[in-house]
Amino acid sequence: MSYKNILVVVDNGPRAAQNVRLAVHLAKTYEAHLTGLYAASLPAGVVGFDGGYVPDPLLMLSKQLEEAAIAAHQIFDAEVARVDGVLTEWRQHIGSAITSVCVNARYHDLVIMGQFDPQHPQSGVPVDLAEGVVLGAGRPVLVVPYAGDFDHIGQRILIGWDAGREATRAVTDALPFLRRAEHTTVMTAWPEISDMAHGESAGADIALFLARHGVNVEVKREPGVGLNVGELLLSVAADVDVNLLVMGLYGHSRLRELMLGGASHAILHSMTVPVLMSH
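Residues numbered from 1 in each chain as written. Predicted model: local features only at pLDDT ≥ 70, side-chain atom pairs only at ≥ 80, totals over all residues. Heavy atoms only, no water.

*Asks:* Would you mind showing me how to read the overall build of the chain here?
*Replies:* On a plain count of helices and strands, the chain comes out with ten helices and ten strands. Looking at the 279 residues of the chain, the share that counts as buried comes to 49%. Long-range pairs, those at least 24 residues apart, make up 82% of the contacts in the chain between residues at least 6 apart in sequence. (Helix = DSSP H or I, 4+ residues; strand = E, 2+ residues; numbered from the N terminus. Buried < 20%, exposed > 50% of the residue type's maximum accessible area, 1.4 Å probe, protein only. Contact = heavy atoms within 4.5 Å.)

Quick look at the structure:
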């Protein structure tokens with residue numbers, strides 16, 4: 001498996017150029033085709049407008065989003081022009097941002113997008129865009145923090161491993177990164193030792209799986225006293241100095257995660273390194 005089709009979600013915010021720059025770098029690294037996508041949402045009454053009366057504020061919003069799409073396209077073209085040999089195309093859709101990104105994602109191997117920045121919200125971009133795409137796309141999503149510099153990632157990787165379906169999917173989706181990494185750490189937190197979970201030694205089986213794929217890997221078992229899993233992952237990521245975190249999104253029900261402030265919720269709101277998420 002390799003990433004041969006990469007989709008980058010582009011807005012016209014202050015972090016847009018960096019996100020595209022990272023996407024161009026990964027497309028060059030994996031010899032992949034790169035698609036830039038601007039996606040924004042309009043209120044339901046505007047979507048599918050057939051020529052009837054539309055209130056002026058909605059027309060103004062639609063025009064504003066069209067102008068944002070032009071600015072995003074210019075950002076994309078400027079970053080692509082810096083690197084030779086990357087095949088690209090541009091797409092844009094104004095209607096339902098989450099649906100548009102999910103649909104386009106299904107024809108790509110990897111989606112790259114920015115974390116929601118509460119200091120610079122973008123018109124038409126839902127607060128839960130990243131969450132909605134991870135849950136609905138069926139593809140791995142690389143979410144890039146709005147703070148920090150991340151032109152190159154993946155040299156040192158941390159995997160949040162709970163032996164569940166979502167984490168398994170994330171590890172498999174991340175194999176192109178993992179094979180190239182200098183070092184990978186698998187972290188388990190208060191693991192259940194049983195034949196139906198982690199086996200006799202937490203992390204041993206997934207480490208063996210990765211080693212057979214040529215990954216340089218070690219296992220780190222954490223008691224995690226006083227921290228939730230999301231906080232623990234970010235703490236360990238800082239301790240071992242990684243520049244990519246790999247994890248599954250929502251190991252429990254979405255409602256339970258939101259109520260309890262689970263790992264997925266914590267990471268999406270407090271990430272300090274890029275995170276590759278799968279569901």
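*Asks:* Honestly, the packing of helix H1 (residues 16-29) against helix H2 (residues 56-80) in this entry has me stumped. Any pointers?
*Replies:* Two numbers describe a pair of packed helices, the interaxial angle and the distance between the axes. At a closest axis distance of 9 Å, the pairing of H1 and H2 adopts a crossing angle of 45°. With respect to H2, the axis of H1 lies oblique. By crossing handedness, the relation of H1 to H2 is classed as right-handed. Contacts between H1 and H2 involve Ala16, Ala17, Val20, Arg21 and Val24 from the first element and Ile75, Phe76, Glu79 and Val80 from the second. (Axes fitted to C-alpha atoms, helices over the stretch in contact; angles between N-to-C directions. Parallel < 35°, antiparallel > 145°, perpendicular 65-115°, else oblique. Left-handed = near helix turned anticlockwise from the far one by under 90°.)

*Asks:* What should I look at first to understand the environment of Trp161 in this one?
*Replies:* Examined against the element boundaries, Trp161 turns out to sit in the loop between strand S6 (156-160) and helix H5 (165-173). Exposure remark for Trp161: the relative accessible area of 11% places this residue in the buried category. For the pair Trp161 and Met187, spaced 26 residues apart in the sequence, the C-alpha separation amounts to 5.8 Å. Sequence-distant contacts of Trp161, defined by excluding residues within four places in its chain, comprise Ala167, Thr168, Val171, Val186, Met187, Thr188, His198, Gly203 and Ile206.

*Asks:* How do you make sense of H5 when you look at a structure like this?
*Replies:* Residue pairs spaced three or four apart in an α-helix point in one direction, given the helix's 3.6 residues per turn. Residues Glu166, Ala167, Ala170, Val171 and Asp173 constitute the buried set of H5. Angular distribution of buried residues about the axis of H5 spans 165°; they occupy a single face of the element. Structurally, H5 contributes buried residues whose contacts are with S6, helix H6 (175-180), helix H7 (204-212), strand S9 (244-248) and strand S10 (275-278). (Arc of directions from axis to C-beta.)

*Asks:* Quick question: what am I supposed to make of the environment of Pro176 here?
*Replies:* For Pro176, the position within the fold is in helix H6. We classify Pro176 as buried; its relative accessible area is 5%. As for Pro176 and Gly154, which are separated by 22 residues in sequence, their C-alpha atoms are 9.7 Å apart. Contacts of Pro176, omitting those with residues within four sequence positions, involve Met1, Ser2, Tyr3 and Tyr30.

*Asks:* Got a minute to help me understand the environment of Val186 in this structure?
*Replies:* You can see Val186 is positioned in strand S7 (residues 183-189). Overall, the relative accessible area of 0% leaves Val186 in the buried class. A C-alpha to C-alpha distance of 8.2 Å links Val186 and Arg221, two positions 35 residues apart in sequence. With residues near it in sequence (within four places) discarded, Val186 still touches Ile159, Trp161, Ile206, Leu210, Val217, Glu218, Val219 and Lys220.

*Asks:* I tried to follow the side chain of Asn243 on my own but got confused; where do I start?
*Replies:* The residue Asn243 is located in the loop between helix H8 (229-239) and S9 in this model. The exposure class assigned to Asn243 is buried, which follows from its relative accessible area of 10%. Residues within four places of Asn243 in sequence aside, it is in contact with His152, Ile153, Gly154, Gln155, Arg156, Val273 and Pro274.

*Asks:* Hey, could you run me through the nonpolar core in this one?
*Replies:* Inside soluble globular proteins, nonpolar side chains tend to come together where they are buried. Core analysis: the largest hydrophobic core is formed by 51 residues, its most contacted members being Leu142 and Phe177. Among the elements that make up this core, the one with the highest residue count is H2 (eight residues). Among all residues touching Leu142, those that are not within four sequence positions of it are Leu22, Leu26, Leu110, Val111, Ile112, Met113, Ile153, Phe177, Leu244, Pro274, Val275 and Leu276. Counting 38 residues, the second-largest nonpolar core is a separate cluster that includes Leu7, Ala39, Leu129 and Leu249. (Core = buried A, V, L, I, M, F, W, Y, C linked by side-chain atoms within 4.5 Å.)

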